[in-house]
Amino acid sequence: LGTMRINDMDNLEIGGCDAVILAKKYGTPLYVFDTALIRERCASYTKTFKSSKTETEVIYASKAFLTLAMCRLIDEAGLSLDVVSGGELFTAMKANFPPERLYFHGNGKTVEELITALQYNVGTIVVDNEFEIEMLQYLCAELDKRVKVLLRVNPGIEAHTHAYIQTANNDSKFGVSIFSENIYELIKSIHESYYLDLRGFHYHIGSQILDHNSFVKAIESMVEFIDKVRTDSGYETKELNMGGGFGVYYSEHDNDLDIEQTLTAMVEAVETECKTRRFPIPKLLIEPGRSIVANAGTTLYKVTATKETYGGRKFIFVDGGMTDNPRTALYDAIYEAALANRMKDETDTTFTIGGKCCESGDILIKSIQLPYPKQNDILAVASTGAYNYSMASNYNRIRKPAVVFVENGKSKVVVKRETYEDILRNDL
Ligand code: LLP
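Thresholds applied
- Residues numbered from 1 in each chain as written.
- Predicted model: local features only at pLDDT ≥ 70, side-chain atom pairs only at ≥ 80, totals over all residues.
- UniProt positions renumbered as here; feature names shortened; annotations may be inferred.
- Near = placed C-beta within 6 Å.
- Helix = DSSP H or I, 4+ residues; strand = E, 2+ residues; numbered from the N terminus.
- Nonpolar A, V, L, I, M, F, W, Y, C, P; charged D, E, K, R; others polar.
- Domains from an automatic or database assignment.
- Contact = placed C-beta atoms within 7 Å.
- Buried ≥ 20, exposed ≤ 12 C-beta atoms within 10 Å, placed from the backbone.

Per an unreviewed UniProt entry, the protein chain carries the name Diaminopimelate decarboxylase and comes from Acidaminobacter hydrogenoformans DSM 2784. In its Catalytic activity (unreviewed entry) section, the UniProt entry covering the protein chain states "meso-2,6-diaminopimelate + H(+) = L-lysine + CO2". Under the heading Pathway (unreviewed entry), UniProt records this for the protein chain: "Amino-acid biosynthesis; L-lysine biosynthesis via DAP pathway; L-lysine from DL-2,6-diaminopimelate: step 1/1."

Moving on, we get to the site of the ligand. The environment of the ligand is formed by 21 residues, the closest being S207, G244, G289, R290 and Y387. For the shell around the ligand, the secondary structure elements donating two or more residues are helix 10 (290–293) and helix 11 (327–331). Of the residues belonging to the shell around the ligand, the class tally is 7 nonpolar, 9 polar and 5 charged. Each of domain 1 (5–34 + 294–424) and domain 2 (35–290) gives at least three residues to the shell around the ligand.

To continue, consider the domain arrangement of the protein chain. Under the domain assignment used here, the protein chain contains domain 1 (5–34 + 294–424) and domain 2 (35–290). On a C-alpha basis, the centres of domain 1 and domain 2 stand 33 Å from each other. Across the contact, 24 residues belong to domain 1 and 20 residues belong to domain 2. Of all the secondary-structure elements, those providing two or more residues to the side of domain 1 that touches domain 2 are strand 4 (30–34), helix 11, strand 20 (402–407) and strand 21 (410–415). With 4 residues, the single largest contributor to the side of domain 1 that touches domain 2 is strand 20. A breakdown of the residues in the side of domain 1 that touches domain 2 according to their chemical character gives 16 nonpolar, 5 polar and 3 charged.

Attention now moves to the UniProt feature "binding site: pyridoxal 5'-phosphate" (unreviewed entry) in the protein chain. UniProt annotation of "binding site: pyridoxal 5'-phosphate" (unreviewed entry) refers to G245, E287, P288, G289, R290 and Y387 when read in the numbering used here. Mapped onto the elements, R290 comes out in helix 10. The buried category is assigned to R290, around which 25 C-beta atoms lie within 10 Å. If we skip the residues at most four places from it in the chain, R290 touches A64, S207, Q208, V248, A386 and Y387. Note that Y387 resides in the loop between strand 19 (378–382) and strand 20. Judged by local crowding, Y387 falls into the buried class, with 25 C-beta atoms found within 10 Å. When neighbours within four sequence positions are excluded, Y387 is seen to be in contact with A64, R290 and R327.

Encoded structure:
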């Protein structure tokens, strides 16, 4: 994937840097990001999406992976940024991310977060519910601001993905169902508000979706809705944000979603539906997170021990685990891995990779063929770029790893490894 290859030492190389040397230089566990691949993914989204006649915008969903350096990279790549909390917003502000290209999401925004967003002149606020809409109008009046909003709606499409990352079924906690009775009233009230400039609608049907039919089905349902809104409240939708969710390759169980084909099918579906119903095509927005960063990330671990259980299971233990990658424990995620210092050795034994936390569920990989490792071998787990660093924890008071960007044989630390002092920082 990306710039990964096996070098002359038979070691794994990423971005022209030997993974074994990276592990030695910066310590383990270590998150390594192939920035050339991130740029390539950003460019391919922009290029494909912009090639249609319809006006478009690509927004990076920062929840997948956000640091100051990542903010700058996204800014340089010309994408907009979706933030969902005061912390993500603060990071964007500190990185001087242009506020007009920020989208502030979330179903539980606090008053403080909304005030910060308004004071920073965040471009668009994606509102989730009636309470938030009322609160936002009140705050706008207090601060004498007008703000663009998108209303998050729920098209009721169930994407075939893990239940925890489905978002658009009828009982979802997100947005307002397009089938709910009060939605037209709500739209009317936003539309008539002096303080809120209703640009249109946002929806997101789930994550790690590998079949492009769900995306197209959601569009059909949304355009029908937009048409109804038009006749019922006379409101003409200017923007349609279709969310993220584009699935990526993690292991051979995943067919690869062709992004170009999917985006083209989505744009075509909107264009055709709008033409048939004879109304103007809105500006189209998408919000990919995972598909920008997942494959660009690799986590390097040191092998600390091996063990064969009485039941006959062979474990490899590493110096990290669910604290740096909770996805296997949470979603039964499947990852591929290799011994970075022995890339050409025969992978002849089946292992379970266990983390160091006091928890039986702390497994990184349930079953994988690898060479029999020695202590201090370097295990590289692939495609850990999304929702790993961003979901890392300090369980068992384990320090969060450092993050390193690699490109063209150069590496730089963009997030330092936490120290034990950091762990105690807020203890009184
Ligand atoms: N937009 C909205 C409103 C979202 O809620 C999400 C993801 C995205 C965009 C980006 O979706 P993506 O392109 O990354 O699939 N922690 C889970 C994933 C949770 C996704 C939450 N929302 C995981 O590790 O699989």
